[in-house]
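# Overview (structure and organization)
Each chain, written out:
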Amino acid sequence: MELRKGRHCVFMLHAHLIFITKYRGKVFNSAQLTTMRGIMAGVCEKFEAEIQEFNGEQDHLHLLITYPPKVSLSKLVNSLKGVSSRKMKHYHPELIKPAYMKDALWSPSYFAGSVGGAPLEVLKQYIEQQDKPH
């Protein structure tokens, strides 16, 4: 991984994020996860963040992101979850009935772990090995 440069800093910040669907509903297929990655990449771009790895299963997502120090991770997470929930309704209306219980795609909780102690390649392999639905 390479160092990134801001106006006043050089940084290498990575976070492992996990988002779980509301009530752990098994709702995603491969096409929906592909759409989700595009939506989340757009959100990250607005925060000057990047998705390094993205994968998921029917009921949750894993993201490995790099982000600048000026970004509050909680604000980025809220934007990722909010924007993806709204846009997935538009792009995949078939998700509305099974996924949007109480008008929410995501559980209000999430996992965020700073990454750096373990080699990033190990974490990338873990995310790549997720059992992606067909």
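Below is a short write-up of the structure. Keep in mind that what you see is a predicted model, and the values were worked out from it rather than measured.

Criteria and cut-off values
- Residues numbered from 1 in each chain as written.
- Predicted model: local features only at pLDDT ≥ 70, side-chain atom pairs only at ≥ 80, totals over all residues.
- Heavy atoms only, no water.
- Pairing = 2+ DSSP bridges.
- Helix = DSSP H or I, 4+ residues; strand = E, 2+ residues; numbered from the N terminus.
- Axes fitted to C-alpha atoms, helices over the stretch in contact; angles between N-to-C directions.
- Buried < 20%, exposed > 50% of the residue type's maximum accessible area, 1.4 Å probe, protein only.
- Lys, Arg positive; Asp, Glu negative; His and termini not counted.
- Salt bridge = Lys/Arg side-chain N within 4 Å of Asp/Glu carboxyl O.
- Phe/Tyr/Trp six-rings, centres within 6.5 Å; stacked < 30°, edge-to-face > 60°.
- Core = buried A, V, L, I, M, F, W, Y, C linked by side-chain atoms within 4.5 Å.
- Contact = heavy atoms within 4.5 Å.
- Patch = residues over 30% accessible without salt bridge, like charges linked within 9 Å, V, L, I, M, F, W, Y side chains within 5 Å.
- Areas by Shrake-Rupley, 256 points an atom, 1.4 Å probe, with all protein chains shown as cover.

## What about the sheet that holds strand S6 (residues 106–115)?
The strand order across the open sheet formed by 4 strands is S4-S5-S3-S6, and the pairing between neighbours is antiparallel. Edge positions in the open sheet fall to strand S4 (50–56) and S6, since each of these has one partner strand only. When strand polarity is set aside, the average angle formed by the axes of neighbouring strands in this sheet is 20°. Both S4 and strand S5 (residues 60–66) contribute to a ladder of 6 bridges, which runs antiparallel. Along S5, the bridge assignment pairs Asn55 with His62.

## A closer look at unusual backbone geometry
One non-glycine residue, Tyr23, lies in the positive phi region at around 55°. Tracing the backbone through its elements, the reader meets Tyr23 in the loop between strand S3 (14–21) and helix H1 (30–46). Given the relative accessible area of 51%, Tyr23 is considered exposed. Residues other than glycine seldom take positive phi values, yet Arg24 does so here, at roughly 55°. Along the chain, Arg24 turns up in the loop between S3 and H1. In this structure Arg24 comes out as partly exposed when scored by relative accessible area, which is 43%.

## A word on the side chain of Lys22
With respect to the helices and strands, Lys22 occurs in the loop between S3 and H1. Buried and without a salt bridge, Lys22 has Asp103 as its closest oppositely charged side chain, separated by 10 Å.

## Quick word on the packing of aromatic side chains
Throughout the structure, instances matching the rule amount to 3 aromatic pairs. Plain terms: the ring middles of Phe19 and Tyr110 are 6.5 Å apart, the flat faces sit at 85° to each other, and that makes the pair edge-to-face. Linking Phe19 in strand S3 with Tyr110 in strand S6, this pair joins segments that are 91 residues apart in sequence. Assessed through its relative accessible area of 0%, Phe19 is described here as buried. Judged by relative accessible area, which is 35%, Tyr110 ranks as partly exposed.

## Details of the nonpolar core
Within the largest apolar cluster, 29 residues are counted, with the highest numbers of intra-cluster contacts made by Phe19, Met36, Met40, Leu61, Leu63 and Ile65. Breaking this core down by element, the ones donating at least two residues are S3, H1, S4, S5 and helix H2 (73–91). Ranked by the residues each element gives to this core, the list is headed by H1, at 6 residues. Beyond its immediate chain neighbours, meaning those up to four positions away, Met36 contacts Phe28, Phe54, Leu61, Ser84, Met88, Leu105 and Trp106. Core analysis: the second largest hydrophobic core is formed by 5 residues, Leu64, Val115, Leu123 and Ile127 among them.

## Notes on a nonpolar patch on the surface
On the surface, Leu3, Val10 and Met12 cluster together into a nonpolar patch covering about 290 Å² of accessible area. Inspection of the secondary structure assignment puts Met12 in the loop between strand S2 (10–11) and S3. Met12 gets classed as partly exposed once you look at its relative accessible area, which sits at 42%.

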